[in-house]
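Each chain, written out:
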Amino acid sequence: MLWNFDTIKEHLKTSANESRLKEVKDLFDNASGKPEYKKILLVNDFFNKKLKYVEDAINWDQKDYWATPVESILRAAGDCEDYAICKYFALLGLGIEVSKLRIVYVKAIKLKQAHMVLTYRATPTSNVQVLDNIIDVIKTFSQRHDLEYVYGFNADGLYITEGTAEKRLRDTASLSLWQSLLEKMKAEGFSF
């Protein structure tokens, strides 16, 4: 089990934090056994509503900090990669195959800044669905003219696209923030 709620609970200090963790556990209980796309919708909606967007400089007093799902839940806040990370690990915990998910670094064209989203592809030939904290509606990547793909990654590797095909470049060992995130999550009781 990816999410060990009993071990995670040991990291909580207040009843407010226990209440937030209970909401996540309720999400898992509600989504468990549902069709895959319903899980996608529930997780996207949950984190878009439960987390407030706060820049790392304000939330963590750092330029770039990748929070664990527990850290984001406890603060009830995060920036774009924190939303994507929470959604990614929640969906993995709900049994979605890692091969269907990518945390994707994009350029948000209208915002003129870097951004991260989570993508989901039901099959290798399906349209890529974008789970974003900027808009609540899940749209295909081809419908998101405001986003320009840079690269994606998951537990299996780092990916780029060439035309319409995706190509795996290498493993994620070179992504230091990702490796640091995984170590923090192991300390919180997550299992991989």
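Residues numbered from 1 in each chain as written. Predicted model: local features only at pLDDT ≥ 70, side-chain atom pairs only at ≥ 80, totals over all residues. Heavy atoms only, no water.

Asker: Just to check I follow, could you spell out unusual backbone geometry for this structure?
Answerer: Negative phi values dominate among residues other than glycine, just as trans dominates among peptide bonds. Phi angles above zero are rare outside glycine, and Asp61 is one such case at about 55°. Looking at the secondary structure, you find Asp61 in the loop between helix 4 (56-59) and helix 5 (69-75). With a phi angle near 55°, Ala76 is a residue other than glycine that sits in the positive phi range. Examined against the element boundaries, Ala76 turns out to sit in the loop between helix 5 and strand 2 (77-78). By relative accessible area, Ala76 is classed as buried at 18%. (Helix = DSSP H or I, 4+ residues; strand = E, 2+ residues; numbered from the N terminus. Buried < 20%, exposed > 50% of the residue type's maximum accessible area, 1.4 Å probe, protein only.)

Asker: In this structure, what is going on with the packing of helix 3 (residues 36-50) against helix 6 (residues 80-93)? I would like to understand it.
Answerer: The description of two packed helices rests on the angle between their axes and on the distance between the axes. Two elements in contact, helix 3 and helix 6, have axes separated by 10 Å at closest approach and are oriented at 145°. Between helix 3 and helix 6 lies a crossing whose hand is right-handed. Between helix 3 and helix 6, the residues in contact are Lys39, Ile40, Val43, Asn44, Phe47 and Asn48 and Tyr83, Cys86, Lys87, Ala90 and Leu91, respectively. Residues of the contact of helix 3 with helix 6, tallied by class, amount to 7 nonpolar, 2 polar and 2 charged. (Axes fitted to C-alpha atoms, helices over the stretch in contact; angles between N-to-C directions. Left-handed = near helix turned anticlockwise from the far one by under 90°. Contact = heavy atoms within 4.5 Å. Nonpolar A, V, L, I, M, F, W, Y, C, P; charged D, E, K, R; others polar.)

Asker: I would appreciate a short explanation of the packing of helix 6 against helix 7 (residues 176-188) in the present structure.
Answerer: One can describe the packing of helix 6 onto helix 7 by two numbers: an axis separation of 13 Å at closest approach and a directional angle of 55°. Taken together, the axes of helix 6 and helix 7 lie oblique to each other. Crossing hand, helix 6 versus helix 7: right-handed. Note on element contacts: helix 7 touches helix 6 through Trp178, Leu181, Leu182 and Met185, opposite Ile85, Tyr88 and Phe89. A per-class count over the contact of helix 6 with helix 7 returns 7 nonpolar, no polar and no charged. (Parallel < 35°, antiparallel > 145°, perpendicular 65-115°, else oblique.)

Asker: What is the right way to read the nonpolar core from this model?
Answerer: Taken as a class, soluble globular proteins show a tendency for nonpolar side chains to be buried jointly. In terms of nonpolar packing, the biggest core is built from 45 residues, with Trp3, Phe47, Phe89, Ile103 and Trp178 touching the most fellow members. Of all the secondary-structure elements, those providing two or more residues to this core are helix 1 (5-9), helix 2 (15-31), helix 3, helix 5, helix 6, strand 3 (101-108), strand 4 (113-120) and helix 7. With 10 residues, the single largest contributor to this core is helix 6. Each residue touching Trp3, except ones within four places of it in the same chain, is listed here: Ile8, Val24, Phe28, Pro69, Ile73, Phe89, Ala90, Gly93 and Phe190. (Core = buried A, V, L, I, M, F, W, Y, C linked by side-chain atoms within 4.5 Å.)

Asker: Explain the packing of aromatic side chains to me, please; I cannot follow it from the model alone.
Answerer: How two aromatic rings sit relative to each other is given by the distance of their centres and the angle of their planes. Counted under the stated rule, the structure contains 11 aromatic pairs. Against the face of Trp60 rests Arg75, its NZ or CZ located 3.7 Å from the ring centre. Here the guanidinium or amino end of Arg102 rests over the ring plane of Tyr159, the centre of that ring lying 3.8 Å away. (Phe/Tyr/Trp six-rings, centres within 6.5 Å; stacked < 30°, edge-to-face > 60°. Lys NZ or Arg CZ within 6 Å of the ring centre and 35° of its normal.)

Asker: Even after reading the chapter, I still don't get the pattern of salt bridges, so can you show me in this structure?
Answerer: Pairing between side chains of opposite charge can happen when the charged atoms of each approach one another. Counted by the stated rule, this structure contains 11 salt bridges. Across the salt bridge formed by Asp45 and Lys49, the nearest N and O atoms sit 3.4 Å from each other. Taken as a pair, Asp45 and Lys49 lie in helix 3 at a separation of 4 residues, close to a single helical turn. We classify Asp45 as partly exposed; its relative accessible area is 35%. Look at Lys49 and you get exposed, because its relative accessible area is 62%. Beyond isolated ion pairs, a larger network of salt bridges with shared partners links Asp132, Arg144 and Asp146. (Salt bridge = Lys/Arg side-chain N within 4 Å of Asp/Glu carboxyl O.)

Asker: How should the pairing of strand 7 (residues 147-154) be read in this particular structure?
Answerer: Side-chain direction in a regular strand flips from residue to residue, so the side chains alternate between the two faces of the sheet. In the sheet, strand 3 pairs with strand 7 via 6 bridges, with the strands oriented antiparallel. Paired with Val106 across the strands is Tyr149, a residue of strand 7. Where strand 7 hands over to strand 8 (residues 157-162), the hairpin turn is made up of 2 residues, counted between the paired strands. (Pairing = 2+ DSSP bridges.)

Asker: What am I meant to see in the sheet that holds strand 5 (residues 129-131) here?
Answerer: The 7 strands lie next to each other as 6-5-4-3-7-8-9, forming an open sheet whose pairing is antiparallel. Two strands close off the open sheet at either side, each with one partner strand: strand 6 (139-140) and strand 9 (165-170). Relative to strand 4, helix 6 is tilted by about 10°, and along the sheet it contacts strand 3, strand 4, strand 5 and strand 7.

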